[in-house]
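Next come the chains, spelled out residue by residue.
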Amino acid sequence: MQLPRISGSSPAEKILRFVGVLGVFVLVGYLFWVNHQRSLESVTDQGIVWDQTKSLSPEQRDTLIRFARVMQNTHGITVRIRITREGILLPTMDSKTLMIALCPPRREARVVFPPLLRHALRPGLEAELEGPVLLPYWENGRWQEGLGQIVLTITEHMERLGRP
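Residues numbered from 1 in each chain as written. Predicted model: local features only at pLDDT ≥ 70, side-chain atom pairs only at ≥ 80, totals over all residues. Heavy atoms only, no water.

Chemist: Tell me what's going on with the overall build of the protein chain, and back it up with residues and numbers.
Modeler: What the protein chain contains, in helices and strands, is six helices and four strands. Helices and strands appear in the protein chain in the N-to-C order α-β-α-β-β-β-α-α-α-α. Since a compact globule built from 164 residues should have a radius of gyration of about 15 Å, the 24 Å found for the protein chain marks it as more spread out than a globular shape. Counting over 164 residues, the protein chain shows a buried share of 30%. Taking all contacts inside the protein chain whose residues are at least 6 apart in sequence as the whole, residues at least 24 apart take part in 42%. Here the protein chain displays about 11,100 Å² of accessible surface, and carbon together with sulfur accounts for 59% of that area. Charge centroids of the protein chain, computed over 20 positive and 16 negative side chains, lie 7 Å from each other. (Helix = DSSP H or I, 4+ residues; strand = E, 2+ residues; numbered from the N terminus. Rg over C-alpha atoms; globule rule 2.2 N^0.38 Å. Buried < 20%, exposed > 50% of the residue type's maximum accessible area, 1.4 Å probe, protein only. Contact = heavy atoms within 4.5 Å. Areas by Shrake-Rupley, 256 points an atom, 1.4 Å probe, with all protein chains shown as cover. Lys, Arg positive; Asp, Glu negative; His and termini not counted. Charge placed at Lys NZ, Arg CZ, Asp CG, Glu CD.)

Chemist: Would you mind going over the side chain of T153 in detail, with residue names and values included?
Modeler: Looking at the element boundaries, T153 is found in helix α6 (residues 143-162). The class for T153 is buried, based on a relative accessible area of 8%. Excluding its chain neighbours within four sequence positions, the residues that come into contact with T153 are L125 and L129.

Chemist: Report on the pattern of salt bridges, specifying residues and quantitative values.
Modeler: If you walk through the whole model with that rule in mind, you get five salt bridges. For E13, the salt bridge is made with R17, and the minimal N-O distance between the two is 3.0 Å. Taken together, the residues span about one helical turn, with E13 and R17 both in helix α1 (residues 11-48) at a distance of four residues. Under the relative-accessibility criterion, E13 is labelled partly exposed at 26%. (Salt bridge = Lys/Arg side-chain N within 4 Å of Asp/Glu carboxyl O.)

Listed below in structure tokens is the structure:
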């Protein structure tokens, strides 16, 4: 295999052309990498929020995805949010998964913390998030805001963990 020859009328022109060709290869490689990262994030984001009811707005969905990314990057906790129409069925989870599941037609909610987080946070927080926190939002039909309140409450408690 023979490498392509770079022609030029002077040594400086040859070097300049070589740097230009090398720059094109580096740029194409970088753009390929950026595209790959965006595709990977898109696939990952689809697994974070699963909305069978199609009731979340794009802004609400993006907010939930940002929350999940922060939890993953700062605490190493995987967040899964499931919104169903036919009842809540929790999948098998590992020891680093925080699950938030809602079934608006049945007014059901489940919040399951990973075992270590459950012990670190206030006892009974899961039950509080499933019941009293969400109850007013079920009654006025704005459960999406209730989901936001659950996320906000979890965020506040996680921030308190880092404080003395």
